[in-house]
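# Breakdown of the fold
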Amino acid sequence: IDYWVKTAMAHDCCWEMITFLNYVLSNYPDTSLTGSFTKAERKTMLDFSFRHWKQHAPYLKGYLALTLHRMGRNKDALLVWESVMDSAKEAPDQGAFWAREDRSWLWYNDSIETHAFAIRTVMELMPTHEKLDGLVLWIFLNKKLNHWKSTRATAEVIYSLAHYLKKTEQLAVREEATVSVADRKQQFVFLPDKYTGKKNQIVIDGKELGPQHATVTIDKKSKGFMMASATWHFSTEKMPAKA
């Protein structure tokens, strides 16, 4: 590998893999575990990756930013990662997210893996960033409304969310919410070690339904995100109108 890295840098290519390799090495502070790579060689690799930082996809910028941070180049790490966070979009009902990358079939352009790793990167570099909660909200909504296409992406998300929930003291806690609809009120309790089933809902029969049910209020005092929805099921014997 050492020979390949030197050859790649000599030909000014393959910086994606060199950035990834150096990030992997940065996870092992004990240099005796990093094989033949010396501190000087890793610094040369880092300099090479940093020269190409503007060409990196957001996922790779996360790898590069964390490696820079762990090797004492905090200013450069923030330069790289702030360029990613500045490009994140925000919406009240979606959270914080990025536009889909071109050539999304490349491993470093996967939207879900990129988003999950972004959560971990923000938590290490700038844990009080105002978009952090929005990043988490988007990934929860994506799971509810979409699907994660690989076991690798799923593992990345679970690892990142567990890290986030533990840091914010939301992991394995009791959660409760009180739902009010017109004159009906019901409390729901969710325990971390007990499955409460799929029927955590209030059902209002059609005969009772009226304008007073148009407003649903949810009072939640525990930490963390909670998903809620209101749906109306109806049937009719009339044939659908023609287009």
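Residues numbered from 1 in each chain as written. Predicted model: local features only at pLDDT ≥ 70, side-chain atom pairs only at ≥ 80, totals over all residues. Heavy atoms only, no water.

### Overview of the packing of aromatic side chains
The geometry of an aromatic ring pair is captured by two quantities: the separation of the ring centres and the angle between the planes. Let me state the cut-off plainly: Here is the rule: rings of Phe, Tyr and Trp (six-membered ring for Trp) pair when centre to centre is within 6.5 Å. Planes less than 30 degrees apart are stacked, more than 60 are edge-to-face, and the remainder are tilted. Here a helix means four or more residues in a row that DSSP labels H or I, a strand means two or more in a row labelled E, and each is numbered from the N terminus. Each residue is placed in one exposure class: buried if its accessible area under a 1.4 Å probe, protein chains only, is under 20% of its type's maximum, exposed if it is over 50%, and partly exposed if it falls in between. Distance and angle both matter: a charge sits over a ring if NZ of Lys or CZ of Arg is within 6 Å of the ring centre and within 35 degrees of the ring normal.
For the structure on display, the rule yields 8 aromatic pairs. Their ring planes at 50° and their centres at 5.7 Å tell us that Y59 and F117 sit as a pair that is tilted. Separated by 58 residues along the polypeptide, Y59 in helix α4 (residues 58-70) and F117 in helix α6 (residues 111-125) bring together distant segments of the chain. Like F117, Y59 is buried. By way of ring pairs, the aromatic residues F20, Y23, Y59, Y63 and F117 are connected into one cluster. For K143, the ring lying beneath its charged end belongs to W148, and the centroid distance is 5.0 Å.

### What to know about the sheet that holds strand β5 (residues 216-220)
We count it as follows: Strand pairing is assigned whenever DSSP detects at least two bridges linking the two strands. Every axis corresponds to a line fitted to the C-alpha atoms, with the helix fit spanning only the stretch in contact, and the corresponding angles, defined between N-to-C directions, vary from 0 to 180 degrees.
Strand order in the open sheet formed by 3 strands is β4-β3-β5, and the pairing between neighbours is antiparallel. The outermost strands of the open sheet, each flanked by one partner alone, are β4 (184-190) and β5. For this sheet, the mean inter-axis angle between neighbouring strands, taken without regard to orientation, is 20°.

### Some remarks on the confidence of the model for the protein
This is how it is decided: Residue-level confidence of the predictor, termed pLDDT, takes values from 0 up to 100.
Of the residues in the protein, 96% reach a pLDDT of 70 or more, and the chain-wide mean stands at 89. Per-residue pLDDT, averaged within each element of the protein, yields its smallest value for helix α1 (residues 2-10) (89) and its largest for helix α5 (residues 74-86) (96).

### Focus on the packing of α4 against α6
The cut-off we apply is this: Orientation is classified from the angle alone, with under 35 degrees giving roughly parallel, over 145 giving roughly antiparallel, 65 to 115 giving roughly perpendicular, and any other angle giving oblique. In this scheme the crossing of two helices becomes right-handed for a clockwise turn of the near helix relative to the far one and left-handed for an anticlockwise turn of less than a right angle. In what follows, a contact means two residues having at least one pair of non-hydrogen atoms within 4.5 Å.
Relative orientation of the contacting elements α4 and α6 amounts to 25°, with a least axis distance of 9 Å. In terms of axis orientation, α4 runs roughly parallel to α6. As α4 runs across α6, the sense of the crossing is left-handed. In this structure, α4 contributes P58, Y59, G62, Y63, A65, L66, H69 and R70 to the contact, and α6 contributes E113, T114, F117, T121, E124 and L125.

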